[in-house]
Amino acid sequence: MGKYLAARALQAVLVLLGTFTLAFVLLSVLPSDALSIKLAGSGDSALGPEEVAALRAEAGYDDPLVVQYLRQLGGLLTGDLGTSLHTGAPVRSMIGSALPHTAQLAALALLFGVSAGLLVGSLAAHARGRWARELLMSLPPLGISFPTFAVGLVLIQVVAFQWRALPSGGTDGFQNLVLPAITLALPVTATVAQIFNRSLREVLEQGYVDTATAKGAGRLRLHLRHATRNAAGPTLTATAVVVGNLLGGAVVTETVFSREGVGRLTADAVTRQDLPVVQGVVLLSALVFVVVNLLVDLTYPLLDRRVTLTEATR
């Protein structure tokens, strides 16, 4: 167990280091640096070339890229992600203020998406008629084919404006969270339903299921005690990937519903070319992906006793 966790911690460090390096390289090849963007955005065009050169030297932008990389890497190791070019605030505090709103949205969207996906996948696997099974399994491709922003706009128009059942936007309160969560949950539902249905059908064709049926196990017991647990592995892996993508989906969802959060922060940072904030959000995305995958790997042995953490390191 300790050896496995140490190996996964080393993998996590390498993933984060690779993400930081790739983000630094990509931002370095942009036609202008952060100081030029800041001066252009502030409208401070009265500075002469000598004053701009002095500011560049003071900020370290004249240093070789290797030196700049090591300086930023050193700041990262101490928790310093730099300061925003637009607000001047520390990037770490900006992300820290926005993260709880996005975490609430992602958690509720994941709850909605996984619950609906498991329900649709189960109903389709146990449907007696072919037409019912095909109808149920046509729902996930239909749901995932709709763009997220279009779903959000339809929900705002129908539920918020016509029915007046829920608010159309805002950050505070559970009611403001429901429509964005449904919008963000739709791709999750489609993915979970497809993978869980396929896994469940494969499990139901195994010999031990026939044995359990011959011993008198009912459909409900067979489903809950035998099939679901063994079919949950691939679904859990897919869910981990979906969680990593929720942050990207939050960019569109939070913008459509005028919610505060990391997605809205990212959209504003990209629009204003606030490079330190963009780099901080990229690192946050990588960290979320690494942590979620580690949690999934630790959960596998609880679902399937044939899987051990020792085997996973080989």
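Here, every reference points to the structure presented above.
The model shown is predicted, which means the values in this text are computed figures rather than measured ones.

**Some details on the pattern of salt bridges**
Point 1. Overall, the coordinates contain two salt bridges when judged by the stated rule.
Point 2. For Asp-63, the salt bridge identified is with Arg-71, shortest N-O distance 3.0 Å.
Point 3. Between Glu-134 and Arg-130 there is a salt bridge; the shortest N-O distance is 2.9 Å. Of the two residues, Glu-134 and Arg-130 both sit in helix 6 (residues 130-137), four residues apart, roughly one turn of that helix.
Point 4. Classification of Glu-134 by relative accessible area gives partly exposed; the value is 46%.

**Structural notes on the packing of aromatic side chains**
Point 1. Across all of its chains, the model carries two aromatic pairs by this definition.
Point 2. An angle of 65 degrees between the planes, with centres 5.4 Å apart, marks the rings of Phe-24 and Tyr-69 as edge-to-face. You can see Phe-24 sitting in helix 1 (residues 2-28) and its partner Tyr-69 sitting in helix 4 (residues 65-77), a full 45 residues away along the chain.
Point 3. A residue is classified by how much of its surface remains accessible, and Tyr-69, at 18% relative accessible area, is buried.
Point 4. Ring pairs connect the aromatic residues Phe-20, Phe-24 and Tyr-69, which therefore count as one cluster.

**Looking at the side chain of Thr-235**
Point 1. With respect to the element layout, Thr-235 can be found in helix 11 (residues 219-256).
Point 2. Engagement of the side chain of Thr-235 in a polar contact is seen with the backbone oxygen of Ala-231, the distance being 3.4 Å.
Point 3. Look past the residues within four positions of Thr-235 in its chain and what remains in contact with it is Leu-118, Val-192, Ile-195 and Phe-196.

**With respect to the environment of Asp-274**
Point 1. Mapped onto the fold, Asp-274 is located in the loop between helix 12 (262-271) and helix 13 (275-303).
Point 2. Sequence separation between Asp-274 and His-86 is 188 residues; the distance between their C-alpha atoms is 6.5 Å.
Point 3. Among the polar contacts listed, one links the side chain of Asp-274 to the side chain of Ser-84, at a separation of 2.4 Å.

What counts, and where the lines are drawn
- Residues numbered from 1 in each chain as written.
- Predicted model: local features only at pLDDT ≥ 70, side-chain atom pairs only at ≥ 80, totals over all residues.
- Heavy atoms only, no water.
- Salt bridge = Lys/Arg side-chain N within 4 Å of Asp/Glu carboxyl O.
- Helix = DSSP H or I, 4+ residues; strand = E, 2+ residues; numbered from the N terminus.
- Buried < 20%, exposed > 50% of the residue type's maximum accessible area, 1.4 Å probe, protein only.
- Phe/Tyr/Trp six-rings, centres within 6.5 Å; stacked < 30°, edge-to-face > 60°.
- Polar contact = N/O pair within 3.5 Å; in protein donor to acceptor, adjacent residues only side chain to side chain.
- Contact = heavy atoms within 4.5 Å.

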